[in-house]
Amino acid sequence: VQLVESGGGLVQPGGSLRLSCLASGFTFSNYGMSWYRQAPGKERELVAGISSGGGNTNAADSVKGRFTISRDNAKNTVYLQMNSLKPEDTAVYYCNTKIRDIPRWGKGTLVTVSS
């Protein structure tokens, strides 16, 4: 199982980024996927999740209306579109799934929101 995040970087407040997570080593279309983030000095928190078929999504209150999770099962990829970014969104963003009750994580991609 491998999860590889990309798309992070430095962006000004109010800007946008799209994160991608390319999955391999398992049948991607059978599993729900999630994005988490961890800011410096804080615990890792759930940002958004999506069902295996993409029909159901959820998002943390702090990002509702600004972030959108989606997936392309033909490309084994899950996305996180982040708009209206704020300095408090600065964190390492991780892709996650759970296979046989074991959480699987990518190495993360750093998002820095700063002017």
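Our structure's up above, just so we're on the same page.
Residues numbered from 1 in each chain as written. Predicted model: local features only at pLDDT ≥ 70, side-chain atom pairs only at ≥ 80, totals over all residues. Heavy atoms only, no water.

Visitor: What am I meant to see in unusual backbone geometry here?
Guide: A negative phi angle is the norm for most residues apart from glycine, just as the trans form is the norm for most peptide bonds. Its identity is not glycine, yet Asn76 carries a phi of approximately 55 degrees, on the positive side. If you trace the backbone, Asn76 turns up in the loop between β7 (67-72) and β8 (77-82). For Asn76, a relative accessible area of 25% gives the class partly exposed. One non-glycine residue with positive phi stands out, namely Ser84, at about 50 degrees. Here Ser84 lies in the loop between β8 and β9 (91-99). Residue classification places Ser84 among the partly exposed residues on the basis of a relative accessible area of 41%. (Helix = DSSP H or I, 4+ residues; strand = E, 2+ residues; numbered from the N terminus. Buried < 20%, exposed > 50% of the residue type's maximum accessible area, 1.4 Å probe, protein only.)

Visitor: Could you clarify how one ought to interpret the pairing of strand β1 (residues 2-6) in this entry?
Guide: Along β1, the buried face is formed by Leu3 and Glu5; none of Gln2, Val4 and Ser6, which line the opposite face, is buried. Bridge analysis of β1 against strand β3 (residues 17-24) gives five bridges, and the strand direction is antiparallel. Bridge pairing in β3 places Leu3 opposite Ala23. (Pairing = 2+ DSSP bridges.)

Visitor: Please explain the pattern of salt bridges as it appears in this structure.
Guide: Between side chains of opposite charge, pairing is possible as soon as their charged atoms come close. One pass over the full model with this rule turns up four salt bridges. For Glu45, the salt bridge is made with Arg37, and the minimal N-O distance between the two is 2.7 Å. Here Arg37 falls in the buried class, since its relative accessible area comes to 7%. In the salt-bridge network here, residues are joined through shared partners; they are Arg37, Glu45, Arg66 and Asp89. (Salt bridge = Lys/Arg side-chain N within 4 Å of Asp/Glu carboxyl O.)

Without other data, these values stay purely geometric and don't point to any function.
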